[in-house]
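# Coordinate analysis (summary)
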Amino acid sequence: MTDIVVEPWPSGEWRSLLADSVVSFDELLSEVGLCVQDLAGQTEILAATDQFPVRVPRTFISRMRRGDVNDPLLRQVLPTADEVSQIEGFTDDPLGESAARVLPGALQKYQGRMLMVATAACAVHCRYCFRRHFPFARDLWGPQQLDRLMTFLQTHSDISEVILSGGDPLALPDHQLAKMASMLAEVGSVARLRLHTRLPVAIPQRVDRDLVAWMSRVPLKVIVVLHANHPNELDGDVERAASVLRSTGALILNQSVLLAGVNDNAPTLAELSHRLVDIGVLPYYLHLLDHVQGAAGFDVGDDRARELLTQLREMLPGYMVPEMVRESAGAAFKTPFGEEAGPSGW
Ligand SMILES: *Cc1c(COP(=O)(O)O)cnc(C)c1O
Ligand code: SF4
C-alpha cells in the first residue's frame, strides 16, 4: 500500500476545476487525441448532444488512454449516434419515478428511506444515465422547501434515512449541505444521511476542508455511495479522497452500472472490486442498466450478466462481490438478479 495523504484539499479549489470542464464534443475528442473521422454518424451525434450535452471534468479525462476510442472511461461520456434511435422497451421514465414523488424533488419508493433530487447538476454527464430525461427543471428540491420537508419528515417518523441524490448533491455548496444536514439531524427519527455522488471520483478535489468540516460534525451516521464503473477511474487522487471521507467517520460504498464495452467482463469487474477495497471502499450495487431511451448501446443481456456474476463469485471473496440488482417500477426493493418474482422470471 502506498502512503496516502489524509489531508482534504483547500476549500473551493474544485469549483474552478468544475468550471473548467470540457463541454464540447469536439474538444473532448481533441483532448483524447481523436478526430471526428474516428466516429460514425455525425448528424446523430449532434442530436444526441442536444438532448444531453457533453460534460467531462479534465480530472476525469486525464485518466483516459489517448487515441483509443474504446477507452472505458471515454465510452461512458462520449455521445454516440445510436443514442438517438428509438429502441423498443427503452423509455423516458423506466423506473416510474414520477409516481413515487411525495414532495417536489422527493421520491419515496422504499420503506424507511426517502430520496431527494437535490440538484440537477452533475460534474460529469454519463451517457447511460437513467436521469437523462428526468424533468429536473420542473421538479427539483430546493432549500426554500426545507420547511415542507421538515414537516413531512416529522409526520413520517418511519423515515430513518434521507438520501441526497440528483444530479450530484456534492455539486451544491457546502453551506447549503451543512444547513440541510443539521436540520435533518433535528428530526429525531432521522438517523442516517446518505450521499449518492460521483464527484469524489470525477473531481476528487471536491473533498475539501469545507466538506470535511460539516461531515465530521453532523450528528447523523453519514454514508457516502460513490459511483465508479472501471478500475481506471480510481487513481491516487480518488484514493486520497476516499481516505479523507473515511476520516470523517463516514461509511464509504460504491455503486456501478454494468455497461457493455466498459466493464462487461469478469477480470475488469474483479479488478474494480480489488481496487475499491484497496482504497477502503466496499462494493455495494452493480446495477443492471435501466432501460432509458438512448442507453441501449450499453445494454448487457441477462444471460451474459448471470455468467459474469457467477465468475465474480468464483474469483472474489464474498464481500467484494457487489449485489447485482435491477430496478423495476413499483417493486418494493432493488431486486437482486435472479430473485425477481413473477411469472417472467429471469
Ligand atoms: C435506490 C433508491 C433508494 C436506496 O435504495 P437502497 O437499496 O437502500 O440503496 C431509495 N429511494 C429511491 C427512490 C431509490 O431509487
Ligand atoms: S446522475 Fe450520476 S450517472 Fe447520471 S449523469 Fe449524473 S453523475 Fe452520471
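Residues numbered from 1 in each chain as written. Chains lettered and ligands numbered in written order. Predicted model: local features only at pLDDT ≥ 70, side-chain atom pairs only at ≥ 80, totals over all residues. Heavy atoms only, no water.

## Considering the site of ligand 1
What counts here: Any residue with a heavy atom positioned within 4 Å of a molecule or strand is treated as near that molecule or strand. Pairs of N or O atoms are called polar contacts if they sit within 3.5 Å, as long as, within protein, a hydrogen donor faces a hydrogen acceptor (for residues adjacent in sequence, only side-chain-to-side-chain pairs). Using the Shrake-Rupley algorithm and a 1.4 Å probe, accessible areas are obtained, with residue cover drawn only from the displayed protein chains. Here a helix means four or more residues in a row that DSSP labels H or I, a strand means two or more in a row labelled E, and each is numbered from the N terminus. Polarity classes work like this: nonpolar for Ala, Val, Leu, Ile, Met, Phe, Trp, Tyr, Cys and Pro, charged for Asp, Glu, Lys and Arg, and polar for all others, with Gly in that last group.
In the region of ligand 1, the neighbouring residues are Lys109, Tyr110, Arg113, Leu115, Ile163, Arg194, Tyr284, Tyr285, Glu327 and Lys334. Arg194 is positioned with one of its side-chain polar atoms (N or O) 2.8 Å from an oxygen atom of ligand 1. Surface burial for ligand 1 is 94%, taken as the share of its 390 Å² of free accessible area covered by protein chains. Those elements that provide at least two residues to the shell around ligand 1 are β2 (106-110), β3 (113-117) and β8 (282-287). Its residues assigned to classes, the shell around ligand 1 comprises five nonpolar, no polar and five charged.

## Observations concerning the site of ligand 2
All residues adjacent to ligand 2 are Cys122, Val124, Cys126, Cys129, Gly167, Arg198 and His227. For the shell around ligand 2, the class distribution of residues is four nonpolar, two polar and one charged.

## Looking at the pattern of salt bridges
When the charged atoms of two side chains with opposite charge come close together, those side chains can pair. Definition in use: Salt bridges are counted wherever a side-chain nitrogen of Lys or Arg sits within 4 Å of a carboxyl oxygen of Asp or Glu. Whether a residue is buried, partly exposed or exposed follows from its accessible area with a 1.4 Å probe, protein chains only, as a fraction of its type maximum: under 20%, in between, or over 50%, in that order.
For the coordinates displayed, the defined rule picks out 19 salt bridges. Residue Arg58 pairs with Glu27 through a salt bridge whose shortest N-O separation is 2.8 Å. Residue Arg58 is located in helix α4 (residues 58-61), and its partner Glu27 is located in helix α2 (residues 25-31); the two are separated by 31 residues in the primary sequence. Judged by relative accessible area, Arg58 falls into the partly exposed class, the value being 28%. You can call Glu27 partly exposed: its relative accessible area is 29%. Across the pair Arg63 and Asp235 runs a salt bridge whose closest N-O atoms are separated by 3.2 Å. With Arg63 in the loop between α4 and α5 (72-77) and Asp235 in the loop between β6 (221-227) and α10 (236-247), the pair connects residues that are 172 residues apart, well separated along the chain. Given a relative accessible area of 9%, Arg63 falls into the buried group. Taking relative accessible area as the criterion, Asp235 reaches 24% and is therefore assigned partly exposed. Here the salt bridges share partners, and the residues they tie into one network are Asp20, Glu27, Glu31 and Arg58.

## Section: the environment of Leu39
Cut-off, in case you're wondering: Residue contacts are counted whenever heavy atoms from the two residues lie within 4.5 Å of one another.
Along the chain, Leu39 turns up in the loop between α2 and α3 (42-51). Along the sequence, Leu39 and Thr80 sit 41 residues apart, while their C-alpha atoms lie 8.1 Å from each other. Not counting the four nearest positions on each side in its chain, Leu39 is found in contact with Phe25, Leu29, Ile45, Val69 and Leu78.

## Quick notes on the pairing of β3
The line we're drawing: Following DSSP output, two strands are said to pair if at least two bridges run between them.
Burial of β3 is extensive: four of the five residues sit out of reach of the surface. Across three bridges, β2 lies against β3 in antiparallel orientation. When the sheet's bridge partners are listed, Ala106 is paired in β3 with Met116. Hairpin connection from β2 to β3: two residues lie between these consecutive antiparallel strands, with Gly112 at a positive phi of about 80 degrees. Bridging between β3 and strand β4 (residues 161-165) involves five bridges; their strand directions are parallel. Note on β4: the bridge partner recorded for Met114 is Val162.

## Quick look at the domain arrangement of the protein chain
Accessible area lost on assembly of the parts is the figure often given for the size of an interface. As a reminder, the rule being used: Domain start and end points were adopted from an automatic or database domain assignment. Simply put, the buried area is the total loss of 1.4 Å probe accessible area from both parts when two parts are fitted together.
On domain assignment, one finds that the protein chain holds domain 1 (13-84) and domain 2 (101-341). Placing the centre of domain 1 and that of domain 2 at their C-alpha centroids yields a distance of 23 Å. Of the residues lining the interface, 29 residues belong to domain 1; the matching set on domain 2 comes to 35 residues. When domain 1 packs against domain 2, the two sides together hide about 2600 Å² of surface, and 55% of this comes from carbon and sulfur. Along the contact surface separating domain 1 from domain 2 lie two salt bridges. At the surface where domain 1 touches domain 2, the tally comes to 17 residue pairs in polar contact (both at pLDDT 80 or more).

## Thoughts on helix α6 (residues 146-155)
Spelled out, the test is: Within this analysis, the arc is defined by the directions that extend from the helix axis to the C-beta atoms.
When α6 is considered as a whole, its buried residues turn out to be Leu146, Leu149, Met150, Phe152 and Leu153. For α6, the arc enclosing every buried residue in end-on projection is 160 degrees, short of the 170-degree limit, so these residues lie on one face. Exposed residues on α6 whose side chains face more than 90 degrees from its buried face are Asp147, Gln154 and Thr155. Those residues of α6 that are buried lie in contact with β1 (101-103), β2, β3, β4 and α7 (174-186).

## Considerations on the packing of α6 against α7
We count it as follows: Only the stretch in contact is used when fitting a helix axis, every axis being a line fitted to C-alpha atoms; angles between N-to-C directions are given from 0 to 180 degrees. Here the word oblique covers every angle except those under 35 degrees (roughly parallel), over 145 (roughly antiparallel) and from 65 to 115 (roughly perpendicular). Crossing handedness: left-handed means the near helix sits turned counterclockwise from the far one by under a right angle, and right-handed means the same turn made clockwise.
Two elements in contact, α6 and α7, have axes whose closest approach is 11 Å; the angle formed by their N-to-C orientations is 25 degrees. Accordingly, the angle class assigned to the pair α6 and α7 is roughly parallel. Note on packing geometry: the crossing formed by α6 with α7 is right-handed. Residues Leu146, Leu149, Met150 and Leu153 of α6 lie in contact with α7, whose contacting residues are Lys179, Met180, Met183 and Leu184. Across the contact of α6 with α7, the residue classes break down as seven nonpolar, no polar and one charged.

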